[in-house]
Amino acid sequence: MPEVIRQNGASSIRVDSIVMDKRLMFREKIDEELVESYYERYKNGFYMPPIKVYEVKNVGRLLVDGFHRLTAAKKANLEYIDAVLEYGSYDDAEWAAANANLTHGKALNRRERRRVVELYLKRYPERSDSWIAEDVGLSDKTVAEVRRELEEKSKGYDLKYLLAIMNSRFAYHYLNNHRRHRLENYFYPDDLRKLPIPQIALDGQQPFITLVDQILSLKESDPQADTSALEDEIDRM
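Source: prediction; values computed, not measured.

Draft legend 1. Structural view of the overall build of the protein chain. Of regular secondary structure, the protein chain possesses 11 helices and six strands. Taken over the C-alpha trace, the protein chain has a radius of gyration of 22 Å; the compact-globule value for 237 residues is 18 Å, which it surpasses by more than 25%. In terms of overall dimensions, the protein chain has C-alpha extents of about 70 × 45 × 30 Å along its principal axes. Burial statistics for the protein chain: of 237 residues in total, 39% are counted as buried. In the protein chain, the proportion of contacts linking residues at least 24 apart, taken out of those at least 6 apart, comes to 68%. Total accessible area on the protein chain is roughly 14,200 Å²; 50% of this is exposed by carbon and sulfur atoms. Of the side chains in the protein chain, 37 bear a positive and 41 a negative charge, and the two mean positions are spaced by 5 Å.

Listed below in structure tokens is the structure:
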């Protein structure tokens, strides 16, 4: 059986071929009562709006809108579900997921909207608090508060410490073990945000910074310089 059936500009997708990535679910949890009501509609053949799916190369078909509907469809043992199928990157899918329930479906609660604000600020840091607030449905005061929290958190990391961690053997193995596709050593920019960087005091970051300074100094003098001993030292820390 085909995984996608296209007819008259619409798509029906095999339910078991759609990936429900929890990182793309901006709700805190599934509302079981809502799932039950959708299940009854599916079971009795009533119309339900199509879900939205992003097909990401080497990743799969990612659900970005309709977590309650797809959960209900699985409960009703549906083989196919109506869907709007689009193509793009994982970042595109995340952005679509963040915006999915701002204008329709069960309203996001305040904590869920704050998570959307964080994504807005990471994607559009130059946008004003009022612009983001109007889009997300929170006050500009709340957006400013989230912005301050993110900026304060970033002050706890020296850029050279981050450079050391991101180029370490630990990062290499972690990212390869958690990659979202079959291509080794190929990562999405978003993957780096998932890297669990140890949060240590600034003075504790200094040994990493010193080693990075030495590596950069050697590479500046000779781009072909062998810095593997210094890199190994970082890996042992």
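From this point on, the discussion continues.
Draft legend 2. Representation of the packing of aromatic side chains. Tallied over the full model, the rule gives seven aromatic pairs. Ring geometry for Trp95 and Tyr120: centres 4.7 Å apart, planes at 50°, overall tilted. Linking Trp95 in helix H3 (residues 90-99) with Tyr120 in helix H4 (residues 110-123), this pair joins segments that are 25 residues apart in sequence. Tyr120 carries the same exposure label as Trp95, and that label is buried. Seen from their ring centres, Phe170 and Tyr174 are 6.0 Å apart, and the 35° between their planes marks the pair as tilted. Remark: Tyr174 and Phe170 occur in helix H8 (residues 169-177); sequence separation between them is four residues, near one turn of the helix. Here Phe170 falls in the partly exposed class, since its relative accessible area comes to 41%.

Draft legend 3. Expanded view of the pattern of salt bridges. Taken as a whole, this structure holds 19 salt bridges when the rule is applied. One salt bridge in this structure joins Arg27 and Glu112, with 4.0 Å as the shortest N-O distance. One end of the pair, Arg27, is in the loop between strand E3 (18-19) and helix H1 (32-43); the other, Glu112, is in helix H4, with 85 residues separating them in the sequence. With relative accessibility at 7%, the residue Glu112 sits in the buried group. Via salt bridges that share partners, Glu3, Glu55 and Arg61 belong to a single interconnected network.

Draft legend 4. Examining the sheet that holds strand E4 (residues 51-56) more closely. With respect to topology, six strands assemble into an open sheet ordered E1-E2-E6-E4-E5-E3, the strand pairing being mixed. Two strands close off the open sheet at either side, each with one partner strand: strand E1 (4-7) and E3. Relative to strand E5 (residues 60-65), E3 is paired through two bridges, and the arrangement is parallel. Paired with Val19 across the bridge in E5 is Leu62. Helix H2 (residues 67-75) contacts E3, E4, E5 and strand E6 (80-87) of the sheet and is inclined by roughly 120° relative to E5. Strands E4 and E5 of the sheet are contacted by H3, whose axis makes an angle of about 20° with E5.

Draft legend 5. Here's a closer look at the pairing of E4. Pairing geometry for E4 and E6, over five bridges, is parallel. Counterpart to Lys52 in the pairing with E6 is Val84. Linking two consecutive strands that pair antiparallel, namely E4 and E5, is a turn of three residues; a positive phi of about 65° is found at Asn58 within it.

Draft legend 6. Just the packing of H3 against H4, in detail. Between H3 and H4, whose axes approach to 10 Å, the crossing angle comes to 140°. Our classification of the angle between H3 and H4 gives oblique. Viewed along their axes, H3 and H4 form a crossing whose handedness is left-handed. Side by side, H3 and H4 meet where Asp91, Asp92, Glu94, Trp95, Ala98 and Asn99 of the first sit next to Val116, Leu119, Tyr120 and Arg123 of the second. When grouped by side-chain class, the residues that make up the contact of H3 with H4 number five nonpolar, one polar and four charged.

Definitions and limits used
- Residues numbered from 1 in each chain as written.
- Predicted model: local features only at pLDDT ≥ 70, side-chain atom pairs only at ≥ 80, totals over all residues.
- Heavy atoms only, no water.
- Helix = DSSP H or I, 4+ residues; strand = E, 2+ residues; numbered from the N terminus.
- Rg over C-alpha atoms; globule rule 2.2 N^0.38 Å.
- Buried < 20%, exposed > 50% of the residue type's maximum accessible area, 1.4 Å probe, protein only.
- Contact = heavy atoms within 4.5 Å.
- Areas by Shrake-Rupley, 256 points an atom, 1.4 Å probe, with all protein chains shown as cover.
- Lys, Arg positive; Asp, Glu negative; His and termini not counted.
- Charge placed at Lys NZ, Arg CZ, Asp CG, Glu CD.
- Phe/Tyr/Trp six-rings, centres within 6.5 Å; stacked < 30°, edge-to-face > 60°.
- Salt bridge = Lys/Arg side-chain N within 4 Å of Asp/Glu carboxyl O.
- Pairing = 2+ DSSP bridges.
- Axes fitted to C-alpha atoms, helices over the stretch in contact; angles between N-to-C directions.
- Parallel < 35°, antiparallel > 145°, perpendicular 65-115°, else oblique.
- Left-handed = near helix turned anticlockwise from the far one by under 90°.
- Nonpolar A, V, L, I, M, F, W, Y, C, P; charged D, E, K, R; others polar.

Worth remembering: the numbers are spatial, not functional.
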